[in-house]
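Observations on the three-dimensional arrangement
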Number of protein chains: 2
Amino acid sequence: MPRRKTEPAAEANRRTEVLRAAARLFVEKGFEATTTRDIAEAAGMRSGSPFYHFRSKLDLLKAVILEGLAASEARQQAAIAGVDDPLDRLHRLVRAHLGSLFEHDTNAPLLIGETRALDAAARRQIAEAFDRYQIPWQQTLDALVAQGTLTSAAPPLRLWLFGMLNWSTHWYRPDGAMTLDALADSAVAMLLGQAPG
Amino acid sequence: MPRRKTEPAAEANRRTEVLRAAARLFVEKGFEATTTRDIAEAAGMRSGSPFYHFRSKLDLLKAVILEGLAASEARQQAAIAGVDDPLDRLHRLVRAHLGSLFEHDTNAPLLIGETRALDAAARRQIAEAFDRYQIPWQQTLDALVAQGTLTSAAPPLRLWLFGMLNWSTHWYRPDGAMTLDALADSAVAMLLGQAPG
DNA sequence: AAAATAACCAAGCGCTTGCTTGCTTAAAAA
DNA sequence: TTTTTAAGCAAGCAAGCGCTTGGTTATTTT
């Protein structure tokens, strides 16, 4: 029984609510520290009910990461569509990524560390999705080299960049003095060697 | 009964073996996913024995992080002792930090994320230790600004740098083609804006 | 030699965990 | 109107969890 008789047929899948609750808790407390009871309660259900929508807790983790990553990818595509200038593109990529980390409710990149718990097949699938996500980054870095703004775009550069952005979740607070735009500016300046505008 | 009658009085504290085993497992599988039985087995004990040396699993985590951090600090001090040139100092700081991440057996920086599990008092204590660890970094960055090698050393710069190094644990493999020295070179080059030597 | 201590082991307690099973009911399909 | 389906709930099971307790033995101290 759908626990609400009102709202005729509109409301979207209840599965999504479980997914969102799980994503938030996984990020907040970590995968292992989050119980399926926590998730059920956060979604307003009884303890066994999430298992109607997901076969196992691991399955739920996999879905959280993959669907969250897909959302970040969509956000990324929207941010750079039609933008040709490489520096502008880079800035938008950085800003969109930080947005996925701090603004969105399903921030997948944070959960890379939790993939430990998954089996090899799931890990490979997630790694492939991450690789796809990073393709526009490498292309943009290459373009910056071609126009002389950067001197080299060997693969480690992209990984350094990606890493420094992801780690910012350990120190940046969105409600602090620094805006997300300023954070993005700072990151780009760091990459370009503090050559200020 | 100390399980070995040989080795008269030499062998160091058995506590240390528990600590090391815990450190390795916490890094490998994460704090929550590691059971006290895992730790006991890795140290060659029965399941309850670690609790002779540590009051609780959380206490063990705290000790792993604090003592690991102290070891990294010692390594850091040894690396920069008597070195005056700022760029040389920076390079040594970076190299020593990567060494703590990949070579040492108790690599504390990786466990920052696991402090979630600890109470506020322990977290504060660890944060203070981390702040101490970062003091030489900020000093060196300031010196690089003073000599004109960097244009700015505002606090985010140090955090970006620290973050990109720490995140390298997600992609760098010490047994791969790239040596740790080369990795350190690459990181410094990234910070200086790819101005190659 | 006697007493104290350090460093465990063997056994298990109470609780939490992921997950299952059988039932129920609102809504949709026939 | 009857039947089927989607979406749960109530209850609980077996395994695993952190941790305790009471004893045991090699070593150290007195």
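What counts and what doesn't
- Residues numbered from 1 in each chain as written.
- Chains lettered and ligands numbered in written order.
- Predicted model: local features only at pLDDT ≥ 70, side-chain atom pairs only at ≥ 80, totals over all residues.
- Heavy atoms only, no water.
- Helix = DSSP H or I, 4+ residues; strand = E, 2+ residues; numbered from the N terminus.
- Buried < 20%, exposed > 50% of the residue type's maximum accessible area, 1.4 Å probe, protein only.
- Contact = heavy atoms within 4.5 Å.
- Core = buried A, V, L, I, M, F, W, Y, C linked by side-chain atoms within 4.5 Å.
- Phe/Tyr/Trp six-rings, centres within 6.5 Å; stacked < 30°, edge-to-face > 60°.
- Lys NZ or Arg CZ within 6 Å of the ring centre and 35° of its normal.
- Least-squares fit on C-alpha atoms with pLDDT ≥ 70 in both.
- UniProt positions renumbered as here; feature names shortened; annotations may be inferred.
- Salt bridge = Lys/Arg side-chain N within 4 Å of Asp/Glu carboxyl O.
- Expected span 1.5 Å × (residues − 1).

Examining the overall build of chain A
- A count of helical and extended segments in chain A gives 8 helices and 0 strands.
- Helices (α) and strands (β) of chain A occur, in sequence order from the N terminus, as α-α-α-α-α-α-α-α.
- C-alpha atoms of chain A, sized along the principal axes, occupy 60 × 35 × 30 Å.
- Burial analysis of chain A (197 residues in total) assigns 47% to the buried set.
- At a minimum sequence separation of 6, the contacts of chain A that also span at least 24 residues come to 67%.

Observations regarding the nonpolar core
- Ranked by size, the top nonpolar core spans 112 residues in total, and within it Val94(A), Leu98(A), Val94(B) and Leu98(B) carry the most contacts.
- Apart from residues lying up to four places away in sequence, Val94(B) is in contact with Trp137(B), Leu165(B), Ala184(B), Ala187(B) and Val188(B).

Description of the packing of aromatic side chains
- Enumeration according to the criterion identifies 12 aromatic pairs over all chains in this entry.
- Taken together, the aromatic side chains of Phe130(A), Tyr133(A), Trp137(A) and Phe162(A) make up a single cluster linked through ring pairs.
- The ring of Phe31(B) has Lys57(B) lying over it, and the distance from NZ or CZ to the ring centre is 4.3 Å.

Side note on the relation of the copies chain A and chain B
- When chain A is fitted to chain B, the best match, at an RMSD of 0.0 Å, comes from turning it 180° and sliding it 0.0 Å along the axis. A rotation of that kind, with that shift, is consistent with a two-fold axis.
- When the interface residues of chain A are mapped onto chain B, 97% of them are again interface residues, pointing to one common binding face.

Some details on the UniProt feature "DNA-binding region" (unreviewed entry) in chain A
- The residues that UniProt annotates with the feature "DNA-binding region" (unreviewed entry) are residues 35-54 of chain A.
- The span residues 35-54 of chain A is 55% helical and 0% strand by assignment, and the distance between its end C-alpha atoms comes to 14 Å.

Structural notes on the pattern of salt bridges
Residues and elements named next belong to chain A.
- One pass over the structure, following the stated rule, counts 20 salt bridges over all chains.
- Residue glutamate 17 is joined to arginine 14 by a salt bridge in which the shortest nitrogen-to-oxygen separation is 3.3 Å. Highlighted residues: glutamate 17 and arginine 14, both in helix 1 (residues 14-29), separated by 3 residues, approximately one helical turn.
- For glutamate 17, a relative accessible area of 35% puts it in the partly exposed group.

Brief notes about helix 4 (residues 57-80) of chain B
All names here are of chain B.
- Over its 24 residues, helix 4 runs 35 Å from end to end, which matches the ideal 34 Å to within 8%, given 1.5 Å per residue.
- Looking only at helix 4, the buried set comprises Leu60, Leu61, Ala63, Val64, Ile65, Gly68, Leu69, Ser72, Gln76, Ala79 and Ile80.
- On its buried face, helix 4 is in contact with helix 1 (14-29), helix 2 (36-42), helix 5 (86-102) and helix 6 (120-146).
- One or two residues past the end of helix 4 sits glycine 82, with phi positive at roughly 80°.

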